[in-house]
Amino acid sequence: MQQLIVFASGGGSNAKALFNYGKKTNAFSIAAICSDKADPGVKAFAAENNIPFHYIPAKEMSAASTWELLQPYNAQLYVLAGYLRLIPEAFIDFCKGKIINIHPALLPHYGGKGMYGHFVHQAVIAARDWQSGLTIHWVTKDYDKGAFIKQVHVPVLQTDTAELLAQRVLAQEHYWYPRVVAQLLAS
Ligand code: GRF
């Protein structure tokens, strides 16, 4: 079975979608969930499903002790799912570049430092853009700059608020992220 290590900073709804899909299809399993927060929402989910949880403060991502902790999982892919910190280049090298992220907009627009969650959807609504979506991309040392793996468009409705748009984009994230992960692992 192919193994993922998932990084999440919050509730981890994408981590849950990945877990459920992996379980249903046997395409992969989540070997561990890591967070830059000591007690994020996703920690309880990890405990309920016997997934090891590791709190790794952002400044420790380049530490040899972190790599020694994660190496034994033998993960084929490192998956950022609502993880809000910049990944240091040294950690990308540790992952051999096999690290991906999902962003809730159509990059290269609405990305970069400070553009996450609600801020992204608010910016799309404020710009009166007619479409948004999601971007799954390789992670590089800069926020939201890596090569795209998949983009999915979600129309912006005239009646949309940032919250309504966020819900529809998130539903698409839950559908596509596990499937793209499975495709990457199979290729
Ligand atoms: C998602 O929209 C994801 O694109 C972004 O963080 C949001 C929250 O993710 N990176 P989750 O519910 O914690 O998975």
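Residues numbered from 1 in each chain as written. Predicted model: local features only at pLDDT ≥ 70, side-chain atom pairs only at ≥ 80, totals over all residues. Heavy atoms only, no water.

(A) Here's a closer look at the nonpolar core. Of all hydrophobic cores here, the largest spans 28 residues; its most connected members are Leu-4, Val-6, Ile-33, Val-79, Tyr-177 and Val-181. Put simply, the parts of the chain that give this core at least two residues each are strand E1 (3–7), helix H1 (13–25), strand E2 (29–35), helix H2 (41–48), strand E4 (77–80), strand E5 (99–103), strand E6 (131–138) and helix H6 (162–186). With 5 residues, the top contributor of residues to this core is H6. Each residue touching Val-6, except ones within four places of it in the same chain, is listed here: Ala-15, Leu-18, Ile-30, Ala-32, Ile-33, Cys-34, Val-79 and Ala-81. Counting residues in each nonpolar core, the second largest holds 17 residues, with Ile-56, Leu-80, Ile-92 and Cys-95 among its members. (Core = buried A, V, L, I, M, F, W, Y, C linked by side-chain atoms within 4.5 Å. Buried < 20%, exposed > 50% of the residue type's maximum accessible area, 1.4 Å probe, protein only. Helix = DSSP H or I, 4+ residues; strand = E, 2+ residues; numbered from the N terminus. Contact = heavy atoms within 4.5 Å.)

(B) Main features of the packing of helix H5 (residues 117–126) against H6. Contact geometry for H5 and H6: axes closest at 9 Å, N-to-C directions at 115 degrees. Considering how the two elements wind past one another, H5 and H6 form a crossing that is right-handed. Within the contact between the two elements, H5 uses His-118, His-121, Gln-122, Val-124 and Ile-125 and H6 uses Ala-162, Glu-163, Leu-165, Ala-166 and Val-169. (Axes fitted to C-alpha atoms, helices over the stretch in contact; angles between N-to-C directions. Left-handed = near helix turned anticlockwise from the far one by under 90°.)

(C) Molecular detail of the packing of aromatic side chains. In total, this model carries 10 aromatic pairs according to the counting rule given. Ring centres of Phe-91 and Phe-94 lie 5.4 Å apart, and the angle between their planes is 45 degrees; on these two criteria the pair is classed as tilted. Here the residue Phe-91 and the residue Phe-94 both occupy positions in helix H4 (residues 89–94), the gap between them amounting to 3 residues, near one helical turn. Look at Phe-94 and you get buried, because its relative accessible area is 13%. Both rings, one in Tyr-175 and one in Trp-176, keep their centres 5.1 Å apart while their planes meet at 80 degrees; by these two values the pair is edge-to-face. Owing to a relative accessible area of 23%, Trp-176 belongs among the partly exposed residues under this scheme. An aromatic cluster is defined as three or more aromatic residues linked by ring pairs; in this entry it consists of Phe-7, Trp-67, Tyr-78, Tyr-83, Phe-91 and Phe-94. (Phe/Tyr/Trp six-rings, centres within 6.5 Å; stacked < 30°, edge-to-face > 60°.)

(D) Here's a closer look at the side chain of Glu-173. The residue Glu-173 is located in helix H6 in this model. Look at Glu-173: it is buried, it has no salt bridge, and the nearest opposite charge is Arg-168 at 12 Å. In this structure the side chain of Glu-173 is engaged in a polar contact, spanning 3.0 Å, whose partner is the side chain of Asn-14. Apart from the residues within four sequence positions on either side, Glu-173 is in contact with Asn-14, Ile-102, Pro-104, Leu-134 and Pro-178. (Lys, Arg positive; Asp, Glu negative; His and termini not counted. Salt bridge = Lys/Arg side-chain N within 4 Å of Asp/Glu carboxyl O. Polar contact = N/O pair within 3.5 Å; in protein donor to acceptor, adjacent residues only side chain to side chain.)

(E) Region of interest: the site of the ligand. Taken together, the residues surrounding the ligand are Gly-12, Ser-13, Asn-14, Gly-82, Ile-102, Pro-104, Leu-170 and Glu-173. Taking Ile-102, its main chain carries an N or O atom lying 3.1 Å from a nitrogen atom of the ligand. Side-chain polar atom of Glu-173 to an oxygen atom of the ligand: 2.7 Å apart, as the coordinates give it. With the chains in place, 82% of the 370 Å² that the ligand exposes on its own is no longer accessible. Mapped onto the shell around the ligand, the elements with two or more residues apiece are H1 and H6. For the shell around the ligand, a count of residues per class yields 3 nonpolar, 4 polar and 1 charged. (Near = heavy atom within 4 Å. Areas by Shrake-Rupley, 256 points an atom, 1.4 Å probe, with all protein chains shown as cover. Nonpolar A, V, L, I, M, F, W, Y, C, P; charged D, E, K, R; others polar.)

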